[in-house]
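Now for the letters of each chain:
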Amino acid sequence: MNLSTRYLGLNLQNPLVVSASPLTNKIENIRICEEQGVGAVVLRSLFEEQINDEIDAKLDQEDMYFWYPEAADHIKNISKEQVTQPYLKLIEKAKREVSIPIIASVNCFSAGDWVVFAKNIESAGADALELNVSTHLPYDEKMEEHHLEDTIAAIVANIKSQVNIPVVVKLHPYFSNIIATAKQLERSGANGLVLFNRFYRPDIDIERLEVISDNYLSTTKEMTHSLRWIGVLSRHVSCDLAASTGIHGYEEVVKQLLAGATVTQICSVLYIKGLKHISTILNDLETWMKTKEFTTIDDFKGLITDNRLNSANFEQIQFIEKNVRAL
Ligand SMILES: Cc1cc2nc3c(=O)[nH]c(=O)nc-3n(C[C@H](O)[C@H](O)[C@H](O)COP(=O)(O)O)c2cc1C
């Protein structure tokens, strides 16, 4: 049985990737992920905005920088270095201690000089860079059409001009035309796309009459949204596709691969069941492959969407009569 797969030009021993979260911010956890047999690990995102805020807060405490703005600029550059050092150290340590690919993650807000940091990530040894674009959301009514897509594409192009490692963009689902966005990002140099990031989901407590946000972790029912778009996009783009959200067991892994995903990412289930669940998923995946007589991942990757008849189902939106009749 051969579960190996290629993702972003990297050799992975299997298509299971631990996605970005504080879990991957600790070297001990990264080691356990490797022991459990995972294909690759994505580190927690480093947030550009958070770093800038930390630096601004420090500068605000010192009146001097108000009078000497050049000094503030100089300090800003040094501080950026200091704030990002622990992240670079984690990459270096992970690369020394484990042999699975380590994918760094940054949340870039602007296409400006911040992207130079991508170079440091590459020098620290990261095998690839995942761009988490979750701060680019369509909340501004004055935002011009295509502004979001153009900004993200500019960030990708800018970063690609600075580094040689592969760059993958982790998308949120709030784009008006996901196919066009995916193609634009591919043209800008993205080597892959992750579909989709999952955000806090506001809810309302009807007793206390206030907004609550306590469903931090996904359920498997949420998987069908990315499944649809993996199925659709796998026929439109040639870059790699990583499925994320709601993947808790081998069944979801299998479904995403059948729909055309290159790899599958897991996060919530590791909070729920612990890192040892990684080997359970992999063992179950092997058992399923044996029963279906598949010996490699390529034997069934994209099998469902390769069939035009099936692929139309991924684009279907309305419940059709024959399905509803059963209700
Ligand atoms: C506590 C927590 C922290 C997360 N932090 C990040 C992050 O730093 N960067 C990122 O791109 N995604 C982050 N995510 C999103 C996950 O990587 C993942 O895409 C999302 O949870 C959906 O996958 P899941 O259903 O397997 O949890 C985080 C998720 C959780 C639950």
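Each value, and the rule that gives it
- Residues numbered from 1 in each chain as written.
- Predicted model: local features only at pLDDT ≥ 70, side-chain atom pairs only at ≥ 80, totals over all residues.
- Heavy atoms only, no water.
- Pairing = 2+ DSSP bridges.
- Helix = DSSP H or I, 4+ residues; strand = E, 2+ residues; numbered from the N terminus.
- Axes fitted to C-alpha atoms, helices over the stretch in contact; angles between N-to-C directions.
- Contact = heavy atoms within 4.5 Å.
- Near = heavy atom within 4 Å.
- Polar contact = N/O pair within 3.5 Å; in protein donor to acceptor, adjacent residues only side chain to side chain.
- Areas by Shrake-Rupley, 256 points an atom, 1.4 Å probe, with all protein chains shown as cover.
- 1 Å grid on protein atoms, 1.4 Å probe; cavity = no way out; pocket = protein on both sides within 12 Å on 5 of 7 lines; lining within 4 Å.
- Sits in = over half its atoms within 2 Å of the grid points.
- Nonpolar A, V, L, I, M, F, W, Y, C, P; charged D, E, K, R; others polar.
- Buried < 20%, exposed > 50% of the residue type's maximum accessible area, 1.4 Å probe, protein only.
- Phe/Tyr/Trp six-rings, centres within 6.5 Å; stacked < 30°, edge-to-face > 60°.
- Points joined across faces, edges and corners; volume = space filled by probe spheres on them.
- Parallel < 35°, antiparallel > 145°, perpendicular 65-115°, else oblique.
- Left-handed = near helix turned anticlockwise from the far one by under 90°.
- Patch = residues over 30% accessible without salt bridge, like charges linked within 9 Å, V, L, I, M, F, W, Y side chains within 5 Å.
- Salt bridge = Lys/Arg side-chain N within 4 Å of Asp/Glu carboxyl O.

**Student:** Could you clarify how one ought to interpret the sheet that holds strand E5 (residues 102-107) in this entry?
**Tutor:** Note: strands within a sheet are paired through backbone hydrogen bonds, in either parallel or antiparallel orientation. Ordered by their spatial adjacency, eight strands build a closed barrel running E3-E4-E5-E6-E7-E8-E11-E12, and the pairing between neighbours is parallel. Each strand of the sheet is rotated relative to its neighbour by a mean of 25°, with strand direction disregarded. Summarising the sheet, strand E3 (residues 16-18) and strand E12 (residues 263-266) pair through three bridges and their orientation is parallel. The residue of E12 that forms the bridge with Val-17 is Gln-265. Those strands touched by helix H11 (residues 277-292) are E3 and E12, and its axis lies near 165° from that of E3.

**Student:** Explain the site of the ligand here, please?
**Tutor:** In the vicinity of the ligand lie 20 residues, with Ala-20, Ser-45, Ser-218, Gly-246 and Ser-268 positioned nearest. Take Ser-244: an N or O atom from its side chain is 3.0 Å from an oxygen atom of the ligand. The side chain of Ser-268 places a nitrogen or oxygen atom 2.5 Å from an oxygen atom of the ligand. When the ligand sits alone it has 610 Å² of accessible area, and the protein chains cover 87% of it. In a pocket analysis with a 2 Å cut-off to the grid points, the ligand is assigned to the largest pocket. When residues of the shell around the ligand are traced back to their parent elements, those giving at least two are strand E4 (40-47) and helix H10 (268-273). For the shell around the ligand, the residue count by class is seven nonpolar, ten polar and three charged.

**Student:** Can you help me understand the pairing of E4 in this one?
**Tutor:** A large share of E4 lies buried, amounting to six of its eight residues. Relative to E4, E3 runs parallel, the two being bridged by two bridges. From the neighbouring strand, Val-18 faces E4, where its bridge partner is Val-41. As judged from the five bridges shared by E4 and E5, these two strands associate in the parallel manner.

**Student:** Help me out: how do you make sense of the environment of Gly-192 in this one?
**Tutor:** One can find Gly-192 in strand E8 (residues 192-195). The contacts of Gly-192, once residues within four sequence positions are left out, are Leu-8, Val-167, Val-168, Val-169, Cys-239 and Asp-240.

**Student:** What's the story with the packing of aromatic side chains in this structure? I'm lost.
**Tutor:** The relative placement of two aromatic rings is captured by the distance of their centres and the angle of their planes. Under the counting rule described, the total for this entry stands at five aromatic pairs. Relative to Tyr-216, the ring of Tyr-200 lies with its centre 5.4 Å away and its plane at 65°, an arrangement referred to as edge-to-face. In this pair, Tyr-200 sits in the loop between E8 and strand E9 (203-205) while Tyr-216 sits in the loop between strand E10 (210-212) and helix H8 (223-233), placing the two residues 16 residues apart along the sequence. In this structure, Tyr-200 and Tyr-216 share a single accessibility class: exposed. With a centroid separation of 5.2 Å and 25° between ring planes, the pair formed by Phe-294 and Phe-300 is classed as stacked. The class of Phe-300 is buried, set by a relative accessible area of 0%. An aromatic cluster is present here, built from Trp-288, Phe-294 and Phe-300 joined pairwise through their rings.

**Student:** So what exactly am I meant to see when it comes to the layout of surface pockets here?
**Tutor:** Where empty space is left becomes clear once a probe the size of a water molecule has been rolled over the atoms. Empty space within the largest pocket amounts to approximately 810 Å³. Taken together, 29 residues make up the lining of the largest pocket; nearest its centre are Ala-20, Asn-197, Arg-198, Phe-199 and Tyr-200. Elements that contribute at least two residues to the lining of the largest pocket include exactly E4, E12 and H10. Looking at which element gives the most residues to the lining of the largest pocket, the answer is E4, with three residues. Residue classes in the lining of the largest pocket are distributed as twelve nonpolar, 14 polar and three charged.

**Student:** Sorry, what's going on with the packing of helix H9 (residues 250-259) against H11 here?
**Tutor:** Two measures define how a pair of helices packs: the angle their axes make with one another and the distance between the axes. The contact between H9 and H11 brings their axes to 9 Å, and the two run at 60°. On the basis of their axis angle, the class for H9 and H11 is oblique. The handedness of the crossing between H9 and H11 is right-handed. Between H9 and H11, the contacting residues are Tyr-250, Val-253 and Val-254 on the first element and Ile-281, Asp-284, Leu-285 and Trp-288 on the second. Residues that form the contact of H9 with H11 fall into these classes: six nonpolar, no polar and one charged.

**Student:** Where do I start with a nonpolar patch on the surface in this structure?
**Tutor:** Residues Tyr-200, Tyr-216, Leu-217, Tyr-271 and Ile-272 make up a contiguous nonpolar surface patch of roughly 560 Å² in combined accessible area. Note that Ile-272 resides in helix H10.

**Student:** Is there a simple way to think about unusual backbone geometry in this case?
**Tutor:** Leave glycine aside and you will find that most residues have negative phi; peptide bonds, for their part, are mostly trans. For the peptide bond that leads from Leu-195 to Phe-196, omega is -5°, which places it in the cis range. Along the chain, the position of Phe-196 falls in the loop between E8 and E9. Residue Leu-8 is not a glycine yet carries a positive backbone phi of 60°. Mapped onto the fold, Leu-8 is located in the loop between strand E1 (5-7) and strand E2 (10-12). Phi at Leu-209 takes a positive value of approximately 55°, unusual for a residue other than glycine.

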